[in-house]
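Structural overview for review
The residues making up each chain are set out below.
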Amino acid sequence: MSSFVAQRNGRTATAEDLAPLAFAGFAHFTAMQVRDGRIRGLDLHLDRLRTASLELFGSAVPDDRIRSYLRTALESGPADVSLTVTIHLPGDLEVLVRTRPPSSGPEGPLKLTVVEHERLLPSIKHTGETAKTYFRRQAVAEGFDDAAFTDRQGKLSEATIWNLAFWDGDTVVWPDAGLLRGTTMDILRRRLDVPQRVQEITLADLPDLAGAVVMNSWTPGIAVHRIGETPLPSAPSFVASLHRAYETEPFTRP
């Protein structure tokens, strides 16, 4: 019978294996959706892991070894899964691979509250981010779906577990601020066939925009119909164009 797995360096992880990560939290990860044993943007995930390891630890696990761990995990379970690769340093670099049921995210549209927050090391997808979970829970308690972040200059950057993208009617607008460049975001940036630009976006700019979305490894775009007190158009053609562009990215087997 198919099952989901948690593996350390290609072997079933034990409680002893996981304890250093649970009690330390100095680690980074990447998350992806696997369909029929294949992954979109695998090169981006490998680059993310390599770059973050060099920044945090001064060394990195070779790509071919990561790919072998992915193959081992996928051989042991369903063809469609959500998969997370976490790298930490209890002594030598350790690679934890976990699979769970597949996901495509919420349907939307979403309503986001606004919180001033700047993540530490925003370019790294690291663990132990209490603030993200806290602000998301606070947003839900206040009647929102999630929270978007502004920096100290008032520039919108990202949301708790999402990248933000905006639409001005002709061009996809990416926020210019400290943020984590998501793999889905980078897939879209290389696949979209419409104009794109990067610019600073504040709450005062929102009324002039024609739509907004959030995206992550679950989905290339969920409509956002309100950020803070500002309503935004639904822009179904914008959302559809993101999904079409994402679907042109080929799947790769690890």
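Below you will find a few notes about this structure. (Residues numbered from 1 in each chain as written. Predicted model: local features only at pLDDT ≥ 70, side-chain atom pairs only at ≥ 80, totals over all residues. Heavy atoms only, no water.)

Scanning all chains against the criterion turns up 19 salt bridges. Note that aspartate 47 and arginine 50 form a salt bridge whose closest N and O atoms lie 3.0 Å from each other. Of the two residues, aspartate 47 and arginine 50 both sit in helix α2 (residues 42-57), three residues apart, roughly one turn of that helix. Classification of aspartate 47 as partly exposed rests on a relative accessible area of 38%. Two residues, glutamate 129 and lysine 132, come together in a salt bridge whose shortest N-O distance is 3.5 Å. Assessed through its relative accessible area of 14%, lysine 132 is described here as buried. (Salt bridge = Lys/Arg side-chain N within 4 Å of Asp/Glu carboxyl O. Helix = DSSP H or I, 4+ residues; strand = E, 2+ residues; numbered from the N terminus. Buried < 20%, exposed > 50% of the residue type's maximum accessible area, 1.4 Å probe, protein only.)

Mapped onto the secondary structure, serine 217 falls in the loop between β13 (211-216) and β14 (219-227). What makes serine 217 buried here is its relative accessible area of 18%. Those residues within four positions of serine 217 in sequence are excluded, and the remaining contacts are Ala31, Met32, Gln33 and Thr184. (Contact = heavy atoms within 4.5 Å.)

A few words now on the sheet that holds strand β6 (residues 94-100). Taken together, the seven strands give an open sheet; going across it, the order is β2-β1-β6-β5-β3-β4-β16, and neighbouring strands pair in antiparallel fashion. At either margin of the open sheet sits one strand with a lone partner, and together these are β2 (11-12) and β16 (251-252). Judged from the two bridges that link them, strand β1 (residues 6-8) and β2 form a sheet pairing that is antiparallel. The partner of glutamine 7 across the bridge, within β2, is threonine 12. (Pairing = 2+ DSSP bridges.)

What follows is about the side chain of threonine 99. In this structure, threonine 99 sits in strand β6. Of note is the side chain of threonine 99, whose polar atom sits 2.8 Å from the backbone nitrogen of valine 5. When near neighbours in sequence (up to four residues on either side) are disregarded, threonine 99 contacts Phe4, Val5, Val81, Ser82 and Leu83. (Polar contact = N/O pair within 3.5 Å; in protein donor to acceptor, adjacent residues only side chain to side chain.)

What follows concerns the pairing of β6. Of all seven residues in β6, five are buried, a share of seventy percent or more. Where β1 lies against β6, three bridges are found, and the strand directions are antiparallel. Looking across to β6, one finds that alanine 6 is bridged to arginine 98. Across seven bridges, strand β5 (residues 81-88) lies against β6 in antiparallel orientation. The partner of valine 85 across the bridge, within β6, is valine 97. Taken together, β5 and the strand that follows it, β6, pair antiparallel across an intervening segment of five residues.

Between the first and last C-alpha of α2 there are 22 Å, a value that for 16 residues agrees with the 22 Å anticipated at 1.5 Å per step. Those residues of α2 hidden inside the fold are in contact with β3 (27-35), β4 (38-40), α3 (63-75), β5, α5 (183-191) and β16. Among the residues trailing α2, glycine 58 stands out with phi positive, at a value near 85°. (Expected span 1.5 Å × (residues − 1).)

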